[in-house]
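# Results of the structural survey
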Amino acid sequence: MTLRREDDGPVRVLTIDRPDQRNSLNGEVLDGLLREFRSASQDDAVRVVVLTGAGDRAFCAGADLSDIAPDAGAVAQHEGRAKLRQLFTAAAELDRPLVGRVNGHALAGGLGLALLCDLLVAVEDAQFGTPEVRVGLWPYVISRAIADHVGPKRALELMMTGRRLSADEAVAWGLVNRAVPRADLDPAVDAVVSELLRGAPVAQRLGRRSFYTARDLPHREAMAYLQGMLDLNVQTEDVVEGITAFFEKRDPQWRGR
């Protein structure tokens, strides 16, 4: 089994389970992640998804270069590489908060996988980078995501040099939300998940969807789209419950609709 799924109440944990291969991405892992992201979006019992890697060496070291046979045809190789692109789309359409538990290095496609997550908590000895240029390649598929997080100058610095960032640098650059000692990783992730579970699930679903949709639209279209999403949001039962609970000075009982 290369991808493990565990449910803890409303939290679904997905673990890439290839520690001996530094949790690198092969076709089986990518297919499993695509399947699990789509499944979680359809499961009303799931409120938050946590993505991590097995062991303590790597969150994900990128693509498994041995996965595609060297004699595979051009079409097979192209389709294999397309799975990472498809994963970005599936993550954006997840409709659930996605938290990255970065237990080790996130390199190349592994950095791209980390950037799929809405929030990232990393161990302080993790490293982040795109070393592809040092083997004659370029991180084409994840380059847009990197630039969205750090801006063009820093993105080009990472991609052109292949340098690695420490976890503290990744926090300073805006790639990671927080870096913690290894012993504090699970408590820190649990704290983030607990905060997410306090929010209204329908607002999180609509808000997350609108965030990823609006950033790809021209300004005027984005504003019109966001106004429409607000109009939809204010009609939900959770808004009534949230405002009522606020005035009654109690915790809201979310219905998710």
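Look up a bit, the structure's there.
Going along each chain's sequence as written, the residues are numbered from 1 onward. Under the rules for a predicted model, residues below a pLDDT of 70 receive no local features and side-chain atom pairs below 80 are neither given nor counted, while totals for whole chains, interfaces and linings still include all residues. For the side-chain quantities, the full set of heavy atoms in the structure was used; hydrogens and water were omitted.

### Examining the overall build of the protein
Per the secondary structure count, the protein includes ten helices and ten strands. Against the compact-globule benchmark of 18 Å for 257 residues, the protein has a radius of gyration of 19 Å, which places it among compact chains. Its C-alpha atoms put the protein at 65 × 45 × 35 Å along the principal axes. Working rule for contacts: check all heavy atoms of both residues, and any pair within 4.5 Å makes them a contact. Relative to all contacts within the protein whose residues are 6 or more apart in sequence, the contacts with residues 24 or more apart total 67%. Calculation of accessible area relied on Shrake-Rupley with a 1.4 Å probe; when residues are assessed, cover is drawn exclusively from the protein chains displayed. Total accessible area computed for the protein in this model is approximately 13500 Å², and 53% of it derives from carbon and sulfur atoms. Two residue types count as positive, namely Lys and Arg, and two as negative, namely Asp and Glu; His and chain ends fall outside the count. We put the charge of a Lys on NZ, of an Arg on CZ, of an Asp on CG and of a Glu on CD. Taken together, the 32 basic and 37 acidic charged side chains of the protein have centroids lying 3 Å from each other. The numbering of helices and of strands both runs from the N terminus, where a helix is a DSSP run of H or I of at least 4 residues and a strand a run of E of at least 2. For the radius of gyration, the atoms used are the C-alpha atoms, and the globule rule reads 2.2 Å times the number of residues raised to 0.38.

### Notes on the nonpolar core
Membership of the largest hydrophobic core comes to 59 residues, with the highest contact counts inside it found for Phe37, Leu87, Leu113, Phe128 and Ile146. For Ile146, the residues in contact, after removing those within four places along its chain, are Leu111, Leu115, Thr130, Gly151, Ala155, Leu158 and Met159. Only buried residues count toward a nonpolar core. Its members are Ala, Val, Leu, Ile, Met, Phe, Trp, Tyr and Cys residues joined through side-chain atoms within 4.5 Å. Residue exposure (1.4 Å probe, protein chains only): buried if accessible area is under 20% of the type maximum, exposed if over 50%, otherwise partly exposed.

### Comments concerning a positive patch on the surface
A grouping of Arg22, Arg57, Arg134 and Arg164 is seen on the molecular surface, where their side chains present a positively charged patch. As for its placement among the helices and strands, Arg57 is situated in the loop between β3 (48-53) and β4 (58-60). Exposure above 30% relative accessible area and the lack of any salt bridge qualify a residue for a patch; like charges then connect within 9 Å, and the nonpolar side chains Val, Leu, Ile, Met, Phe, Trp and Tyr within 5 Å. Each reported salt bridge corresponds to a side-chain nitrogen of Lys or Arg within 4 Å of a carboxyl oxygen of Asp or Glu.

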